[in-house]
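Spelled out, the chains give:
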Amino acid sequence: MTNPAEELLDVVDAQDRVIGTATRGEVYRDGLTHRCVFVLVRDPQGRIFTHRRTDTKLFAPGAYDCFVGGVVGSGENYADAARREAEEELGVHGVEPAPLFKFLFEEIVEGRKYSWWCDLYEARWDGPVSPQVEEVAWHGWLSEEELGQRLAEGDWDFVPDGREAYRRYLARRSG
């Protein structure tokens, strides 16, 4: 697909039941609830793959994120989407994301409503990566301490859903 705004997505309700379909562009424009996957990828040293999104992204262009992932296509399940998105964004094959938890993200950003179910996964990757240039403008492997510092300092503009997902990830892990 050449235009991401034309990708067909399932529109879901507050219980994550499919109630229709719409293009990604319509979903973002109209604030329709849909499905996304987030994969926290760690290297053998436990560092987290962190990246800056390209400036052409429909949501949060140029922002930083500590998850790879994206929207779940119409008719696609979360697990398949997590694997597909991780492999596409990292430029690798053989990623096996393990499911963690799911939550509903809802936020008003610059006057626009955003709403999606976030299904979180974690994966390990011990080889080289070749991130997709259409998705990733910069990447690095950060320790939890380095990532926490970047999030706390506010020097980097992080995607709001990724920030919330990481907050929930840390809270679940510690409690």
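Quick caveat: nothing in here was measured; it's all calculated off a predicted structure.

Student: Would you take a moment to explain the overall build of the protein chain for this structure?
Tutor: Of regular secondary structure, the protein chain possesses four helices and nine strands. Reading the helices (α) and strands (β) of the protein chain from amino to carboxyl end gives β-β-α-β-β-β-β-α-β-β-β-α-α. Its C-alpha atoms give the protein chain a radius of gyration of 15 Å, near enough to 16 Å, the size a compact globule of 175 residues would have. Projected onto its principal axes, the C-alpha coordinates of the protein chain cover approximately 45 × 35 × 35 Å. If you take every contact in the protein chain between residues at least 6 apart in sequence, the share linking residues at least 24 apart comes to 62%. Accessible area for the protein chain stands at about 8,700 Å²; split by element, carbon and sulfur atoms hold 47% of it. Of note, the protein chain has its 21 positive side-chain charges centred 4 Å away from the centre of its 33 negative side-chain charges.

Student: How do you make sense of the pattern of salt bridges when you look at a structure like this?
Tutor: Where charged atoms of side chains with opposite charge meet at close range, the side chains can pair. Inspection of the entire model under this criterion finds 18 salt bridges. As a salt-bridge pair, Asp-80 and Arg-83 come within 3.3 Å of each other at their nearest N and O atoms. Residue Asp-80 and its partner Arg-83 are both found in helix α2 (residues 78-90); the two are separated by three residues, about one turn of the helix. The salt bridge partner of Glu-96 is Arg-83, with a shortest N-O separation of 3.9 Å. Here Glu-96 is found in the loop between α2 and β7 (98-109), whereas its partner Arg-83 is found in helix α2, with 13 residues between them in sequence. When salt bridges that share partners are traced, they join Arg-42, Glu-122, Glu-144 and Arg-173 into one network.

Student: It is not clear to me how the packing of helix α3 (residues 144-153) against helix α4 (residues 160-174) should be interpreted in this structure. Could you clarify?
Tutor: If you want to describe how two helices pack, look at the angle between their axes and the distance between the axes. Across the interface, α3 lies against α4 with an axial gap of 12 Å and an inter-helix angle of 130°. Classed by the angle they form, the pair α3 and α4 counts as oblique. The way α3 lies across α4 gives a crossing that is left-handed. On the side of α3, the interface is formed by Glu-144, Leu-147 and Leu-151, while α4 contributes Arg-163, Tyr-166, Leu-170 and Arg-173. Residues of the contact of α3 with α4, tallied by class, amount to four nonpolar, no polar and three charged.

Student: Is there a simple way to think about α4 in this case?
Tutor: Within an α-helix, residues lying three or four positions from one another point in the same direction, as the helix has 3.6 residues per turn. The terminal C-alpha atoms of α4 lie 21 Å apart, and with 15 residues this matches the ideal 21 Å at 1.5 Å per residue to within 8%. Among the residues making up α4, those that are buried are Pro-160, Asp-161, Gly-162, Glu-164, Ala-165, Tyr-166 and Tyr-169. Buried residues in α4 make contact with β3 (34-42), β4 (48-53), β5 (64-65), β7, β8 (112-124) and α3.

Student: Where do I start with the packing of aromatic side chains in this structure?
Tutor: Two aromatic rings, taken as a pair, are described by how far apart their centres are and by the angle between their planes. Scanning all chains against the criterion turns up 13 aromatic pairs. Considering the side-chain rings of Tyr-28 and Tyr-114, the 6.1 Å spacing of their centres and the 65° angle between planes classify their relative orientation as edge-to-face. On the criterion of sequence distance, the pair formed by Tyr-28 in helix α1 (residues 24-30) and Tyr-114 in strand β8 is long-range, its members being 86 residues apart. Judged by relative accessible area, which is 8%, Tyr-114 ranks as buried.

Student: What is the right way to look at the environment of Lys-57 in this model?
Tutor: Relative to the helices and strands, Lys-57 resides in the loop between β4 and β5. Classification of Lys-57 as buried rests on a relative accessible area of 16%. Setting aside anything within four residues of it in sequence, one finds Lys-57 in contact with Glu-134 and Glu-135. Within the structure, the side chain of Lys-57 is placed 2.4 Å from the side chain of Glu-135, a separation counted as a polar contact.

Student: I keep staring at the environment of Glu-122 and nothing clicks. Help me out?
Tutor: Tracing the sequence through the fold places Glu-122 in strand β8. For Glu-122 and Thr-23, which are 99 residues apart along the polypeptide, the C-alpha to C-alpha distance reads 28 Å. One polar contact links Glu-122 to Tyr-169, side chain to side chain, over a distance of 3.0 Å.

Student: Any chance you could explain α2 here in plain terms?
Tutor: Compared with the 18 Å implied by 1.5 Å per residue over 13 residues, the 18 Å span of α2 between its first and last C-alpha is a close match. Of the residues making up α2, those classed as buried are Tyr-78, Ala-81, Ala-82, Glu-85, Ala-86, Glu-87, Glu-89 and Leu-90. In this structure, the buried side of α2 is in contact with β3, β4, β6 (68-71), β7, β8 and β9 (136-142). Two to three positions downstream of the cap, the backbone nitrogen of Ala-79 sits 3.1 Å from a side-chain oxygen, assigning the N-cap of α2 to Asn-77.

What counts, and at which threshold
- Residues numbered from 1 in each chain as written.
- Predicted model: local features only at pLDDT ≥ 70, side-chain atom pairs only at ≥ 80, totals over all residues.
- Heavy atoms only, no water.
- Helix = DSSP H or I, 4+ residues; strand = E, 2+ residues; numbered from the N terminus.
- Rg over C-alpha atoms; globule rule 2.2 N^0.38 Å.
- Contact = heavy atoms within 4.5 Å.
- Areas by Shrake-Rupley, 256 points an atom, 1.4 Å probe, with all protein chains shown as cover.
- Lys, Arg positive; Asp, Glu negative; His and termini not counted.
- Charge placed at Lys NZ, Arg CZ, Asp CG, Glu CD.
- Salt bridge = Lys/Arg side-chain N within 4 Å of Asp/Glu carboxyl O.
- Axes fitted to C-alpha atoms, helices over the stretch in contact; angles between N-to-C directions.
- Parallel < 35°, antiparallel > 145°, perpendicular 65-115°, else oblique.
- Left-handed = near helix turned anticlockwise from the far one by under 90°.
- Nonpolar A, V, L, I, M, F, W, Y, C, P; charged D, E, K, R; others polar.
- Expected span 1.5 Å × (residues − 1).
- Buried < 20%, exposed > 50% of the residue type's maximum accessible area, 1.4 Å probe, protein only.
- Phe/Tyr/Trp six-rings, centres within 6.5 Å; stacked < 30°, edge-to-face > 60°.
- Polar contact = N/O pair within 3.5 Å; in protein donor to acceptor, adjacent residues only side chain to side chain.

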